[in-house]
Amino acid sequence: MVVFPVILCGGAGTRLWPASRPNSPKQFLDLVGELSLFQETARRVAPLTTGGGRLIVVAGESHRDAIVQQLAALSMEATVLLEPEGRDSAAAMAAAALWISRQAPEGIALFVASDHHIPDAEAFRRSVMTGAPAAARGEIVTFGVRPTGPSSAYGYIEPESDGLAKVRRFVEKPGREQAEAYVRDGFLWNSGNFMVRADVLLGELEAFAPDVAAAVAGALPDTAGDVVRLSDAFLHSPRISIDYAVMERSGRVSVLPVDFRWSDLGAWDAVASAGSGDKGVWIGAKGDTCLVRAAEGIVVATAGVKDLAIIVESDAVLVCSLDRAQEVKALVDRIRQTSPAHAEGRSPVATLEEQARAFDSWMRLAALPLWAALGVDEDGGFREALDDRGICTSAFRRARVQARQAWVFSVAGEAGWPGPWRRLVSEGLDRFEATNRRPDGLYRTRVSTGGETLDDTASLYDQAFALLAFAAARQAGVEAGRMTARAQALREGLATLAHPAGGWREDGGHPYQANAHMHLLEACLAWEALEPAGVWTAMADEIVGLARRHFIDPAGGFLREFFAADWTPAAGEAGRLVEPGHQFEWAWLLTRWGRARADDPWAAETARRLYEAGQRGVDASRGVAIDELDDGLAVRSARARLWPQTERLKAALILGEGAPDGHAAEALKGLRAYLEPFGLWRDKQDADGRFVDEPAPASSLYHIVAAWVQLRESMGDGRPAPGEA
């Protein structure tokens, strides 16, 4: 007898607005303790998997990140079945039952809601084990909670007798008087939780809801993995609850009376009754009795009030009498008509035009002046990072930062910034040439601030940025002849890094990688715009050919990072790494390359698929692109650095083809969350939304400026992106 707990994550918890909204429904909130209801449920049922079972979660795609992150926080594993669109409980349960039947034909599915509160987990598990033998015999065993009093918030079950018994009937939520009668007559609250053998449920669905069974059979892929996406065949299932599809029609349904404390926490009065729903800072006068939840940074003060729910979020406030908590749903319906964003939990996003103006001002009046003044040493070399006092604590200079900063000020000058950009570019590249150039024409990785060699290796990544810097300087009219000569010598030096299987080798632990080639492609396109139909075009085409044959997964449409010497995916976890930021960055580059090749159709289609893969790495709750996915496009690292936000914006803009949509506005909003008013920025955001307190890295300015330039082009100021004619 093997038990497979199935957590169903549907429902929006509308009566718990404004804390619960579609982007953050109640099951993922800490309503009655430090853990979310979903986490409490997972912890409650996980011990039942001993003996070969496995935890299963069924949810919509929009909740994938929350599920993966909250399970990871508990160090728990599960199989997550993702619905392309909710089709009510019958289809969700059918999908789980079908998955279980493939692992253990007579495995018992224990269906539990993700948002119920059951404080005594051990009592719940004892009830499951009491009902398991009946489920193993082929009965559908539902749990009926003995009422603690009449309630119109729950449905009821009438059993035929005491103990485990057949169900005489299910009844909907009654009025107060009818609820009192039900309690007197021995009815039980319908918890909605039940257990059944997987093959039995599938058989009942075939008999009573064959359209549901057929749709799910066509939607569940025969693939392994912790996260499984149900195909669009799932959408053919009718919307029907398991109650109407099976429970009210099957002759196999029994009810097991249980006495553990249970609540579906359907409204704020239920949360108040749980006794631990208060959150945040509340200062109340003597005798005040309320449920108060205050968002971080907000203080709630009360005097002379009783029996109220006071729920304060950053963008919305609810004050209601606890005995009228059921009316919140009607209030939300009215709010949805006047302000959908507040009803759904979407912060109103300023238009792209409004955000673009603010971003442009920040760039010209804060970031560029600050880094031009405090980000440069007296000898012309660029500093690695600045803390919030404007001080650099790094005693070294990396080649990539020197080249990137020279590029930044070149394109800033091209964009009309009136600062001392020409001097900064000229002196910075002269110092770079003096301290970093090797005899073979390549550039060493790291030197001290005094110019002493710290790391003499020449990485392909650094050479790509040197080429890009030289192209931008020549485009801006800074010593054009010298820049061309430097680029030619560097290109010839790259021959020592050429790989017999195509492309170029990188230095370090991953010699065969996509990232360095991506930036080399960017540099080649910049030079191609200056010297059309030459060696730079051939190099760009070689890199794109490598991406087409090897970097981009032909089935999944996403781009991998690391490879073996024959350009097949690297072994182990390295070969499975998928970075959302690089999906966006390659989408941007391939669009530019394709346009330079008479609108190459492969490039356009591939860029779209890469963008869609990158979007799978956008955390909707934070509005940012995270760092890492795996090759199943499941979250591997929920940390979110600054640079993927810029690449998301660039891709959204360029794929908008002159008419940027809401994706660009959302992406720009996500980027601006990292920017400090005075010209610095945060680089790393943890999964909980907190930024890491550390100096602002100069290397990020390249990404920010690239997004700024693409934004200017897409908004129609007539200036092409760097490297475009």
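Residues numbered from 1 in each chain as written. Predicted model: local features only at pLDDT ≥ 70, side-chain atom pairs only at ≥ 80, totals over all residues. Heavy atoms only, no water.

Caption draft 1: Quick look at a nonpolar patch on the surface. Among the surface-exposed residues, Val-281, Ile-283 and Val-299 lie close enough to one another that they form a single nonpolar patch of about 270 Å² accessible area. Position of Ile-283 among the secondary structure elements: in strand 11 (residues 281-284). (Patch = residues over 30% accessible without salt bridge, like charges linked within 9 Å, V, L, I, M, F, W, Y side chains within 5 Å. Areas by Shrake-Rupley, 256 points an atom, 1.4 Å probe, with all protein chains shown as cover. Salt bridge = Lys/Arg side-chain N within 4 Å of Asp/Glu carboxyl O. Helix = DSSP H or I, 4+ residues; strand = E, 2+ residues; numbered from the N terminus.)

Caption draft 2: Looking closely at the packing of aromatic side chains. Tallying each qualifying case throughout the model produces 29 aromatic pairs. On the numbers, 4.7 Å between centres and 50° between planes, the contact of Tyr-154 with Trp-262 is tilted. Residue Tyr-154 is found in the loop between strand 5 (140-145) and strand 6 (156-159), and its partner Trp-262 is found in the loop between strand 10 (253-258) and helix 9 (268-274); the two are separated by 108 residues along the sequence. A single burial state applies to Tyr-154 and to Trp-262, both of which are buried. Members of the aromatic cluster, connected to one another through ring pairs, are Tyr-512, Phe-551, Phe-563, Trp-567 and Trp-586. For the cation-ring pair, Arg-404 lies above Phe-465, with the distance from its terminal atom to the ring centre recorded as 4.3 Å. The side chain of Arg-446 reaches across the aromatic face of Phe-396, ending 4.4 Å from its centre. (Phe/Tyr/Trp six-rings, centres within 6.5 Å; stacked < 30°, edge-to-face > 60°. Buried < 20%, exposed > 50% of the residue type's maximum accessible area, 1.4 Å probe, protein only. Lys NZ or Arg CZ within 6 Å of the ring centre and 35° of its normal.)

Caption draft 3: Representation of the packing of helix 20 (residues 601-615) against helix 21 (residues 643-655) in the model. Packing of helix 20 against helix 21 brings their axes to within 11 Å, and their N-to-C directions diverge by 140°. Taken together, the axes of helix 20 and helix 21 lie oblique to each other. For the crossing formed where helix 20 meets helix 21, the hand is left-handed. Along its contact with helix 20, which presents Ala-607, Arg-608, Tyr-611 and Gln-615, the element helix 21 presents Arg-648, Ala-651, Ala-652 and Leu-655. Within the contact of helix 20 with helix 21, the residues separate by chemical class into 5 nonpolar, 1 polar and 2 charged. (Axes fitted to C-alpha atoms, helices over the stretch in contact; angles between N-to-C directions. Parallel < 35°, antiparallel > 145°, perpendicular 65-115°, else oblique. Left-handed = near helix turned anticlockwise from the far one by under 90°. Contact = heavy atoms within 4.5 Å. Nonpolar A, V, L, I, M, F, W, Y, C, P; charged D, E, K, R; others polar.)

Caption draft 4: Representation of the state of the cysteines within the structure. Going through the model one piece at a time under the given rule, you end up with 0 disulfides. Cysteine Cys-290 is unpaired, with the sulfur of Cys-320 as its nearest cysteine sulfur at 10 Å. Looking at Cys-290, the relative accessible area reads 11%, which means it is buried. You can call Cys-320 buried: its relative accessible area is 9%. (Disulfide = S-S within 2.5 Å.)

Caption draft 5: Local environment of the environment of Lys-173. When you line up the elements, Lys-173 lands in the loop between strand 7 (165-171) and helix 5 (176-184). Look at Lys-173 and you get exposed, because its relative accessible area is 52%. Expressed as a C-alpha distance, the spacing of Lys-173 and Ser-152, which sit 21 residues apart in the sequence, is 5.6 Å. For Lys-173, the contacting residues outside a window of four places in its chain are Ser-152, Ala-153, Tyr-154 and Gly-155.

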